[in-house]
Amino acid sequence: MKVIGVLALQGAVAEHIRMIELAGAKGVAVKRVEQLADLDGMIIPGGESTTIGKLMKTYGFIDALKQFSEQKKPIFGTCAGLIILAKHIGEEQAHLQLMDIEVKRNAFGRQRESFETDLDIKGLDEPFRAVFIRAPLIENVGENVDILCRYKDQIVAARQDHLLVASFHPELTNNMAVHQYFIDMMM
Amino acid sequence: METGTTVVKRGMAEMQKGGVIMDVMNAEQAKIAEAAGACAVMALERIPSEIRASGGVARTADPTIIEEVVKSVSVPVMAKARIGHFVEAKMLESLGVDYIDESEVLTPADEVYHIDKTQFTVPFVCGAKDIGEALRRIGEGAAMMRTKGEPGTGNIVEAVRHMRIINSQIRHIQNMHKDELMTYAKNLGAPYDLVLNIHENGKLPVVNFAAGGVATPADAALMMYLGADGVFVGSGIFKSDNPEKFAKAIVEATTHYDDYKLIADVSRNLGAPMKGIEISDLNAAERMQDRGI
């Protein structure tokens, strides 16, 4: 059985673990870098990207996750996790700088502008209920990045080899299709 | 495309989990909080211990302060409205606040009714001392709960009491026979469907943070150990000798609440925490937790 870690420094960890287990894999909350060795894949969850980014730096996760990625082990970033994986975040200092995307934070506005909607995602058979919470957008992608989904012409999901990102929160629904897609990336 | 749905409101609180929400009174403090790793800030005119000291009627903050804080940080900004004060809450929503705390820390505007929180796109957090209060607030539309504790005292005892009561009542409801739930709901004064929801799921349908009296990193970790999803720190940080260091220590202790060596390390040389108040020294009128039940 595939074992998938969820970075548990801050944010919606339990929801991802629930979805991983619904999809038939084992989910583990990851608080220490030593835990990465036992994992097949890693999810960086939604939360506050500034908070998660600072704690990642404090506890050595920046280098550890870069090494994890070098082994081509899949990493999935949702919302804040997407921001953490990006190479460029406007004028701000980027975190892991692994994925060739340029991201705009809080791109839809404040919480009152947060929303849910149905989206067609490349690789999924049916429309997916996507929950956007103070969500980021992907403004530009490198040539080796595959765009998986757009909302009103703007990029909200993408894949680059073993890296997957979504602006929205598949863990807040009861549909495990996106998590299943991620687990299939480990096969 | 739908805004302000239950999923979107409750989901916003899910994203705050494992984090620390800090009270701030201006842009400068908000930046210190954000730099220390706060997952959100609560913008107010006076922190609870000052409200306690100065007396009089405590109202929602001046819009200038809220706007100043909103502009200065990228983390979500919360603000407090008086219990039952629909208009203060609507003002905060119009200012772009990300979460409204209908709070007993301010002087209640209504001693009988709370705000109908379903009439807002922005989500609400409310305080509770027990499961009846929590379920009434959720029934009114609150998307996040917190313990009431006893704000501005720097004394954790009431937050501990409230977290233990709520979690013990959740375990009790989960173990009850289904045919006992209606009478239990009646006695609690709680909506039946929410009692049934707890019976089936064994947890509150919304996130529950600790608040009211957190004064040290160890206090924050204790509340996480007792089952809190995250922590509000009010007076503790900016009443301490070194707010920057103190705020960072609370954030680390909340994330690693079961790593006692780490908590000991971050607790070193923090300077004096706020002095604190013994709860039995408060008279009935000074107990904020008894407001709006």
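In this text, all values refer to a predicted model and were calculated from it rather than measured experimentally. (Residues numbered from 1 in each chain as written. Chains lettered and ligands numbered in written order. Predicted model: local features only at pLDDT ≥ 70, side-chain atom pairs only at ≥ 80, totals over all residues. Heavy atoms only, no water.)

Peer 1: How would you sum up the sheet that holds strand β8 (residues 128–132) of chain A? Please name residues and give values.
Peer 2: Spatially, β8(A)-β7(A)-β1(B) is the arrangement adopted by the 3 strands of the open sheet, whose pairing is antiparallel. Each having just a single partner strand, β8 of chain A together with β1 (2–3) of chain B make up the two edges of the open sheet. Bridging between strand β7 (residues 115–119) of chain A and β1 of chain B involves 2 bridges; their strand directions are antiparallel. From the neighbouring strand, Phe-115 of chain A faces β1 of chain B, where its bridge partner is Thr-3 of chain B. (Pairing = 2+ DSSP bridges. Helix = DSSP H or I, 4+ residues; strand = E, 2+ residues; numbered from the N terminus.)

Peer 1: Please set out unusual backbone geometry residue by residue, giving values where relevant.
Peer 2: For Arg-134 of chain A, which is not glycine, the phi torsion reads 40° and is therefore positive. With a phi angle near 50°, Asn-269 of chain B is a residue other than glycine that sits in the positive phi range. Examined against the element boundaries, Asn-269 of chain B turns out to sit in the segment after α13 (260–267).

Peer 1: Now, about the sheet that holds strand β6 (residues 124–128) of chain B: what can you tell me, with residues and values included?
Peer 2: Residues and elements named next belong to chain B. One open sheet holds the 8 strands; their spatial order is β8-β7-β6-β5-β4-β3-β2-β9, and the pairing between them is parallel. Each end of this open sheet is capped by a strand with a single partner; those strands are β8 (207–209) and β9 (231–233). The average angle at which neighbouring strand axes cross in this sheet is 30°, direction not considered. Two strands pair when backbone bridges link them, and strand β7 (residues 144–147) and β8 are joined in this way by 3 bridges, in the parallel orientation. Of the residues in β8, the one forming a bridge with Arg-146 is Phe-209. (Axes fitted to C-alpha atoms, helices over the stretch in contact; angles between N-to-C directions.)

Peer 1: Quick one: what's the story with the interface of chain B and chain A, residue by residue and with numbers?
Peer 2: Taken residue by residue, the interface counts 43 residues in chain B and 36 residues in chain A. When chain B packs against chain A, the two sides together hide about 3000 Å² of surface, and 52% of this comes from carbon and sulfur. Counting every contact that joins chain B to chain A gives 5 salt bridges. The residue Arg-110 of chain A makes a salt bridge to Asp-98 of chain B at a minimum N-O spacing of 2.6 Å. There are 24 residue pairs in polar contact (both at pLDDT 80 or more) connecting chain B and chain A. Of all elements in the fold, only β1, α1 (6–14), α2 (27–36), α5 (86–94) and α12 (243–255) of chain B reach the threshold of two or more residues within the side of chain B that touches chain A. Per-element accounting of the side of chain B that touches chain A gives the leading share, 6 residues, to α1 of chain B. Per-class residue counts for the side of chain B that touches chain A are 18 nonpolar, 14 polar and 11 charged. (Contact = heavy atoms within 4.5 Å. Buried area = accessible area lost by both parts, 1.4 Å probe. Salt bridge = Lys/Arg side-chain N within 4 Å of Asp/Glu carboxyl O. Polar contact = N/O pair within 3.5 Å; in protein donor to acceptor, adjacent residues only side chain to side chain. Nonpolar A, V, L, I, M, F, W, Y, C, P; charged D, E, K, R; others polar.)

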